[in-house]
Amino acid sequence: MVFKFFIPTSLAHFLAAILLFFALASCKGDIPPLDREEHDLPRDAEISRSEPGKYGGVLVTAESQQPRTFNPLVAEDAYSSEAIGRFLNGLTTYHPIKEKVVPELALSWDISKDKRAITMELRRGVRWSDGEPFTADDVIFTFKALFDQRYPNRYMGQYTIAGEAIEFEKLDRYTVRFKTARPYSPFLYVIGFIGILPRHVHFDAFERGELLQQWSMRTAMHAPRELVGTGPFRVRSFRPGQRIVYEPNPHYWRVDSQGQRLPYVDYLITRYVQDRNTETVLFASGQIDAAAITPGDVVGVRKNASLHDYTVHHRGPATGIRFLWFNQKPGESQAGTAYVEPHKLEWFTSRKFRQAILHGFNREGLIQSVYFGRAQLLHSIISPANERWHNPDVPRYHYDPDRALELLRQDGFEPDQDGHLVDKKGNQVSFQVYASEGDDITPQILSTFRENMRDLGITVRIRYLDFGTLVARVSRHFEYEGAMMGFTGGADPSGGRAIYLSSGRLHLWNPEQEEPQTDWEARIDELVYASEETFDLDKRVSYVHQMQEVFSEELPLLYLVTPYAYVGLKNRWQNVRIPSMGSVIWNIDELYLGPEK
Amino acid sequence: MLKHLFKEITRRPMGVACLVILAVLYLGTVFSQFLAPYLPTDQDLTSAYHPPTRIVLEDWRPHVQVYEQVDPAAARYEPIEGETAPIKFFAAGEEYRFWGFIPAQMRLFQVEEPHRIYLLGSDGTGRDVFSRLLYGAQVSLSIGFIGICITMTLGFLVGGIAGYFGGRTDFLAMRLVEFIIAVPSLYLLIALRGALAEHFEPEQMYLVIVIILSLIGWAGAARIIRGMALSLRQRPFVLAAEVMGQSSLRILFRHFLPNLASYLLVAATLSIPAYILAEAALSFLGLGIQEPGTSWGLMLQQAQELKVFTLNLWWLLTPGAAIFITVITFNMLGDVLRDIVDPRQQMVKR
C-alpha cells in the first residue's frame, strides 16, 4: 500500500512521500487502548443536541507554537490558552454557531432590575477530573485568586469595570452572585474568559503565595494528572517540541441523547511542527486531521483532496484585522527628543493626509496578486467576518492616486519639479515604516506600498524587526513614524476596548491618554462606554456601528485587506459544524469517527 | 607571473570554460542595468507568478506571446492565440543612472507597455525574475571579492608578521587567531545582525554582512601564511636581504608577497564560493539582505513556500541554479589554478 505514494506524479507528491517516509520511520507502534472509566452522570449534565456517535478514533492536529504554561493566570498567548481550554471550563462560553453566550459551568443566570447584580446557579453534580465535587467554593476561590495583588494577571483589568473590581459572593453551595459598579452589558461574555480552578488542588499553594508557580510546563511533563479540570479532556502526556496527547475526562458533564458521556474520540493529539508550511504539508499528505490553509496554498492542497479524503472549506473573511498606522504621539521621550519630528507629526495628525495615503495604496492589486484573489478590502476596524457588529456602510478608500493627490493638495502638499512631494514649509515627504519579519506576505505588501507611495512622490523606507522589538518600540519607546501590525478578532467588541478607548493600552497611535486629545477620540470613548452600558442589543450594535464610522472617517489605522480563511478537515469526522469565526474543532467533544471509506 | 598563469589557464579546456562562464556572469552583473528590461522593484500586480513568456518569430522578428490570466486562484495563465508584442532592441525606456552616475535610457531589449516580457517568469507581485536575478548578482557576486580582499589582506599581514618576527609576536598573533577560530560564527552573526539591524539601512546591511563574514574568516588564512612565512624566513634570499639591511616591511612585501602570491590566489579563488554560499544562507535565514534590496539568497528565501511546489512555479528557483553554477565554476577554476601552481597535487587531467 505504501509504495503507491512513491510514484512521484509531481514534485509535491514526491516531497509528501519523503515526509511520509520519515513519519512512518518514526512511528513507534500501535496506539495504546484507552480504558474508559465508568462514573455516574452529574445531575445537571448537559445533553448534546448533536447526532449520537460512537466511541473511538484519534484526532491529530499540528501547531507551530507550543503552550508555555498551563496556568490560566500566567497564560498570555493564544497557544497556552487553547491548551488550557481543553481541560478547564469557564462559567459561560460563546457558542460560535448560535452566536450567543451559552452556559458552561453555570447552569442559568438571573440579572437584577438595576442590571448590576448577576446571580448564577451552577451545575450540580459536576466532578473534577480527579473525582472531587465542583461547588461554588471553586468559583469564589478562582475570583479571589485573580484579584489577589500577589498574583498579577491579565483578567484583573478585564474584570475591573468603571474603575472597580467585580464583587462576588457565595449564596449557597451551588449559587454565586456578581455585582458590577455600573451596568455592564458584555458581562456574560467576558465572565467566561477565565477557566474555573479547582480549590482543593490549589488552596495550599494559594495560601503560600505560590499560585503562579503551579501548573507549569514541568507539571504537564512529569505529572499530567495533576492538571485537574472539568473540561472534555485531561492531559495524558506532554513532550515539548514533539506533541501533547489528551484523553477524555471520565467526569465530563456533557452527554449525548443516548446517555453516552462525551467526548467520543479516544485521543486528541497536537503535534508541534516547525512552521506553517510544515503543517500544510502534513495535512496535504494525510497525516493530520485538520489545518488552517493560507489563500495561496488552497489550490495546491485541494489537489490531494480525494487521495487523502479531506475537504478544504471556505470560511469567509478572516476575523483579524491588519493595518498600517502613523505615530501621533506628541511630546518627548526621556532623552529629550521628540517621539515624532514636529513637521512629521503635523502630517500624521492630519486626517486628509492619512486618507490620501490609503487612497494611494493599491490594495486591490494586492488581493489579485499576493492573495490569489482570495481576499477582500478591509474598510472597518471590525472585520466583516463579525457580521453582527461589522458596519458595511463606512467611508471607503479605493485605489485612486488622483484622489490621493487632490487630498494632499487640499492639505497644502505640492509635488516639486523632481516629482518629490513637499509640504507647506518645503519639507520633502518621507517616512519610515516598521514591520515584523518572519512572514512571507508582509514584505510583498510593504514593497507594493513603497512603490505606490513613490508614485505619489513620497519616499518610504521599510525596516524589519523581530516581533518583540517591534512591540517594544510601538508600545513602550514610541520612537517610530509608521508601523504595520495586526490584531486577532473576538466575537464581542468589548474585547477591543484597549484599542478603541483613548486611555487604552493598545490605542496604538497615541496610547494611554489621560484625557482624549481630539474630539473624535472623545466621541469614540463616549460610544464605547454607551455600548457597554446598554443591554439593548440593537442599541449596542448602533453604537458600535457609529464608532466604526468615526474610525473609518478619521483613519488612525489604515486598514489593509482581509484574506479569506480556509480550513482543511478530513471527511471521516462526523458532527462537524464549521463556524465563521474561531476554532474549527470548537465542538471537539461531539466529533466522532464515521465509517472508513 | 600573472601573464604566465593566464597562459597556463588558457591551455586547459576546463580553465577556459570556467573563465568564459565567469566572464559572462560578471559582465552580466556589471551591465545589469542595461541588460535587465525592468528595475528590480518594478511591479505589475496584474501578472503575479506569471510563467516565462514564449518568444515567437513573426516576419523574422522576435515577438513575445501575450498571456491572459485564466484562474487567479491558481495563478494560471494561458497564451492568447495570435496576439503578440514586438521586442524592441536598443530602444529608449525609463531613465536610469548607469553605474549610479551616467544618465541613460537605452536597454538591450524591452516590450511596449502594457505587455511585459518575462524571460524567467515573475514573482508574487509581478516583478521580473530575470531582472531581479541580474540585479541580485551585484550583491551575490561582489560579496566574495570584497570578502576575500579583506580576509587575504588581514591574513597576509597577521600571518606574515607572525611568521617573520616569530617569538612573542608570533605567540600573540596565533592566540588571537585561535580566539577568533573558536568563536561560533553563526551565532555571532545572528547576534551582531540583531544588534546592528536597527542602525543600518537595508542597503547598508549588505556591507555589514561582508565585513562581519570576513572579520571572522581571515584567521584560517593567517595560520597557513604564518607557516609558509616561517619556512621562507630560513631561505637564503631572505637572509641576504636582512644582511643587506632591508627594512622588515620591505622584506615582507618584496620577498614574501611574491612567494606567497600563488597560494593566496588559489586560496582566494577557492574561498569566493564560501562567501557566495554564506550570503545565500544568511539571506535565506532572513539575516541578510532585505527588501527592497535583492540577492540570490533573498530570492530563494522568498521561494521557500509550499505553493512554489504545488503550483509548479519552478522559475522562482532559478537563483538556486545561478548559485550552483557560480560555486561550481569557482571551485573548478580553483582546482585548475592549483594544478598550475602545485603540479604535485594534480586533480584535473590536462
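The structure presented is a predicted model; accordingly, all values stated were derived computationally and were not measured.

Would you mind going over the overall build of chain A with me for this structure?
Broken down by element type, chain A carries 19 helices and 27 strands. Its C-alpha radius of gyration of 26 Å places chain A within 12% of the 25 Å reference for a compact globule of 597 residues. A total of 597 residues make up chain A; the buried ones form 44% of that total. Sequence-distant contacts in chain A: of pairs separated by 6 or more residues, those separated by 24 or more amount to 68%.

Looking at this model, I keep getting lost on the sheet that holds strand β1 (residues 55-58) of chain B. Mind explaining?
All names here are of chain B. Spatially, the four strands line up as an open sheet ordered β1-β2-β3-β4, and their pairing is antiparallel. With partners counted over all chains shown, the strands left at the sheet margins are β1 and β4 (102-111), one partner each. Going from strand to strand, the sheet's axes swing by 40 degrees on average, the running direction of each strand aside.

Help me understand the sheet that holds strand β10 (residues 175-179) of chain A in this model?
Adjacent strands of a sheet pair through backbone hydrogen bonds, lying either parallel or antiparallel. Residues and elements named next belong to chain A. The antiparallel open sheet is built from four strands, whose spatial order is β5-β6-β10-β9. With partners counted over all chains shown, the strands left at the sheet margins are β5 (106-111) and β9 (167-172), one partner each. The mean inter-strand angle of the sheet, taken between neighbouring strand axes irrespective of direction, is 20 degrees. Contacts between helix α3 (residues 136-146) and the sheet are confined to β6 (117-122), β9 and β10, with β9 contributing the most and set at about 165 degrees to the helix.

Just to check I follow, could you spell out helix α2 (residues 78-87) of chain A for this structure?
Think of an α-helix as 3.6 residues a turn; residues three or four steps apart then line up on the same face. Looking at α2(A), one finds that the buried residues are A:S80, A:A83, A:I84, A:G85, A:R86 and A:F87. For α2(A), the secondary structure elements touched by its buried residues are β11 (233-239) and β12 (243-248) of chain A.

Sorry if this is basic, but what is going on with the interface of chain B and chain A here?
By a widely used convention, the size of an interface equals the accessible area lost when the partners come together. With 25 residues of chain B at the interface, the matching set in chain A holds 33 residues. Sorting elements by how many residues they give to the side of chain B that touches chain A places helix α11 (residues 306-310) of chain B first, with four residues. A class-by-class count of the residues in the side of chain B that touches chain A yields 11 nonpolar, 11 polar and three charged.

In this structure, what is going on with the nonpolar core? I would like to understand it.
Core analysis: the biggest nonpolar cluster contains 228 residues, and A:W325, A:V433, A:A435, A:A483, A:M547, A:L558 and A:L591 have the highest contact counts within it. Ranked by the residues each element gives to this core, the list is headed by helix α4 (residues 129-165) of chain B, at 16 residues.

I would appreciate a short explanation of the packing of α4(B) against helix α5 (residues 167-182) of chain B in the present structure.
Axis angle and axis distance: for two packed helices, these are the angle between their axes and the distance between the axes, and together they describe the pair. Residue and element names in this part refer to chain B. Axis separation between α4 and α5 bottoms out at 7 Å; the angle between their running directions is 145 degrees. Handedness of the crossing formed by α4 with α5: left-handed. Of α5, the residues touching α4 (which contributes V158, I161, A162 and F165) are G167, T169, D170, A173 and M174. Among the residues forming the contact of α4 with α5, the class breakdown is six nonpolar, two polar and one charged.

I tried to follow the pairing of strand β3 (residues 92-95) of chain A on my own but got confused; where do I start?
On a regular strand, each side chain points to the face opposite its neighbour's, so the side chains alternate between the two faces of the sheet. All names here are of chain A. Only one face of β3 is buried: it carries T92 and Y94, and the other face, with T93 and H95, is open. Direction of pairing for β3 relative to strand β4 (residues 100-103): antiparallel, over a ladder of four bridges. Residue pairing in the sheet places T92 in a bridge with P103 of β4. Taking the residues between adjacent antiparallel strands as the criterion, β3 and β4 are bridged by four residues, where E99 takes a positive phi near 55 degrees.

What is the right way to look at unusual backbone geometry in this model?
Both trends apply: most residues other than glycine have a negative phi, and most peptide bonds are in trans. Residue A:L262 is joined to A:P263 through a cis peptide bond whose omega torsion reads -10 degrees. Tracing the backbone shows A:P263 in the loop between β13 (254-255) and β14 (267-272). Omega for the peptide link from B:E113 to B:P114 comes to 5 degrees, which places this bond in the cis form. Tracing the backbone shows B:P114 in the loop between β4 and α4. At B:Y49, a residue that is not glycine, the phi angle is positive and equals roughly 50 degrees. In this structure, B:Y49 sits in the loop between α3 (32-35) and β1.

Help me out: how do you make sense of the pairing of strand β23 (residues 482-487) of chain A in this one?
All names here are of chain A. Two strands pair when backbone bridges link them, and strand β17 (residues 321-326) and β23 are joined in this way by six bridges, in the antiparallel orientation. Bridge assignment links I321 to a residue of β23, and that residue is F487. Bridge analysis of strand β21 (residues 430-436) against β23 gives two bridges, and the strand direction is parallel. Paired with Y434 across the bridge in β23 is A483.

Please explain the environment of A:L456 as it appears in this structure.
Residue and element names in this part refer to chain A. On the secondary structure map, L456 appears in the loop between α15 (442-455) and β22 (459-465). Sequence separation between L456 and V74 is 382 residues, and the spatial gap between their C-alpha atoms is 47 Å. What L456 contacts, discounting residues up to four positions off in sequence, is G360, P401, A404, L405 and L421.

Before we go on, may I ask you to explain the confidence of the model for chain A in this structure?
Should the pLDDT be low somewhere, the predicted coordinates at that spot are not to be read in detail. All names here are of chain A. With 95% of its residues at a pLDDT of 70 or more, chain A has an overall mean of 88. pLDDT under 50 marks residues 1-11. Its contacts with residues more than four places away, or in other chains, come to eight contacts. Within the model, the stretch residues 24-28 combines pLDDT values under 50 with zero contacts to residues more than four positions away or in other chains.

For this particular structure, what's the right way to read the environment of A:R463?
Residues and elements named next belong to chain A. Take R463: it is sitting in strand β22. The class of R463 is buried, set by 20 C-beta atoms lying within 10 Å. Between the C-alpha atom of R463 and that of L446, which follows or precedes it by 17 residues, the distance is 9.9 Å. Those residues in contact with R463, other than ones at most four positions away along the chain, are Q432 and Y434.

I'm lost on the confidence of the model for chain B in this one. Help?
All names here are of chain B. Averaged over every residue, the pLDDT of chain B is 85; residues scoring 70 or more account for 96%. Across chain B, helix α2 (residues 13-30) holds the top mean pLDDT of 92, while helix α6 (residues 185-196) sits lowest at 77. We note a pTM of 0.82 for the whole complex and an ipTM of 0.82 for its interfaces.

Explain helix α18 (residues 519-533) of chain A to me, please; I cannot follow it from the model alone.
Residue and element names in this part refer to chain A. If you check α18, its first and last C-alpha atoms are 21 Å apart, about what 15 residues at 1.5 Å a residue would give, namely 21 Å. Every buried residue of α18 is accounted for by E521, I524, D525, L527, V528, S531 and E532. Buried residues of α18 fall within an arc of 165 degrees about the axis and therefore sit on the same side.

Criteria and thresholds
Residues numbered from 1 in each chain as written. Chains lettered and ligands numbered in written order. Predicted model: local features only at pLDDT ≥ 70, side-chain atom pairs only at ≥ 80, totals over all residues. Helix = DSSP H or I, 4+ residues; strand = E, 2+ residues; numbered from the N terminus. Rg over C-alpha atoms; globule rule 2.2 N^0.38 Å. Buried ≥ 20, exposed ≤ 12 C-beta atoms within 10 Å, placed from the backbone. Contact = placed C-beta atoms within 7 Å. Pairing = 2+ DSSP bridges. Axes fitted to C-alpha atoms, helices over the stretch in contact; angles between N-to-C directions. Nonpolar A, V, L, I, M, F, W, Y, C, P; charged D, E, K, R; others polar. Core = buried A, V, L, I, M, F, W, Y, C linked by C-beta atoms within 7 Å. Left-handed = near helix turned anticlockwise from the far one by under 90°. pLDDT = per-residue confidence, 0-100. Expected span 1.5 Å × (residues − 1). Arc of directions from axis to C-beta.

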